[in-house]
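Read off the chains here:
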Amino acid sequence: MADRSLRGIRLGAQSLQSEEGVVFMERRATTYKCATCGHDTTLMFAADAEPPQTWECRTCGAEALLQVDGESVKLDDSEEKSARSHWDMLLERRTRAELEELLEERLAYVRARRGAGEDPTRERIGA
């Protein structure tokens, strides 16, 4: 029986995969400098990836700027999108006249369900 015993390894102890034939992506070091505390943060990105203009400083949590040739890049605010409200998105799909027409239809439907002659804003006395 001892001849046929299985040998095993612990789960998670080591990988059974090898790095043979694996081609790693080219990388480059990217530096960010914090204007608040002066701390430099160096991160590795893929050579063909565009690094973000800002990164959170690991020391103080402020915004650190990307360094290119020892100089901080100027932030490009043109890509920053303003938040659109529900009303803005609604106006992209319908005109104001269409919205007023839909509102009148829905109000007529609600009034018909409640009763044709009732004013829903009027309080009932003695109820």
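Definitions and limits used
- Residues numbered from 1 in each chain as written.
- Predicted model: local features only at pLDDT ≥ 70, side-chain atom pairs only at ≥ 80, totals over all residues.
- Heavy atoms only, no water.
- Helix = DSSP H or I, 4+ residues; strand = E, 2+ residues; numbered from the N terminus.
- Buried < 20%, exposed > 50% of the residue type's maximum accessible area, 1.4 Å probe, protein only.
- Areas by Shrake-Rupley, 256 points an atom, 1.4 Å probe, with all protein chains shown as cover.
- Core = buried A, V, L, I, M, F, W, Y, C linked by side-chain atoms within 4.5 Å.
- Contact = heavy atoms within 4.5 Å.
- Phe/Tyr/Trp six-rings, centres within 6.5 Å; stacked < 30°, edge-to-face > 60°.

1. Some points on the overall build of the protein chain
Alright, step 1. Regarding its fold elements, the protein chain presents two helices and five strands.
Alright, step 2. Listed N to C, the secondary structure of the protein chain is β-β-β-β-β-α-α in terms of helices and strands.
Alright, step 3. Within the protein chain, the proportion of its 127 residues that are buried is 10%.
Alright, step 4. With an accessible surface of roughly 12,000 Å², the protein chain has 49% of that area assigned to carbon and sulfur atoms.

2. Here's the deal with the nonpolar core
Alright, step 1. Membership of the largest hydrophobic core is limited to seven residues, which are Tyr32, Cys34, Leu43, Phe45, Cys57, Ala64 and Leu66.
Alright, step 2. Those elements that place two or more of their residues in this core are strand E1 (27-34), strand E2 (40-46) and strand E4 (63-68).
Alright, step 3. Ignoring any residue separated from it by four or fewer positions in sequence, one finds leucine 43 in contact with Arg28, Ala29, Thr30, Tyr32, Trp55 and Arg58.

3. Points about the packing of aromatic side chains
Note on aromatic pairs: each is described by the distance of the centres and the angle between the planes.
Alright, step 1. Across all of its chains, the model carries two aromatic pairs by this definition.
Alright, step 2. Between tyrosine 32 and tryptophan 55, the ring centres sit 5.9 Å apart and the planes meet at 35°, which makes this aromatic pair tilted. Here tyrosine 32 is found in strand E1, whereas its partner tryptophan 55 is found in strand E3 (residues 54-56), with 23 residues between them in sequence.
Alright, step 3. Owing to a relative accessible area of 0%, tyrosine 32 belongs among the buried residues under this scheme.
Alright, step 4. An angle of 80° between the planes, with centres 5.9 Å apart, marks the rings of phenylalanine 45 and tryptophan 55 as edge-to-face.

These figures come from the coordinates and say nothing about function on their own.
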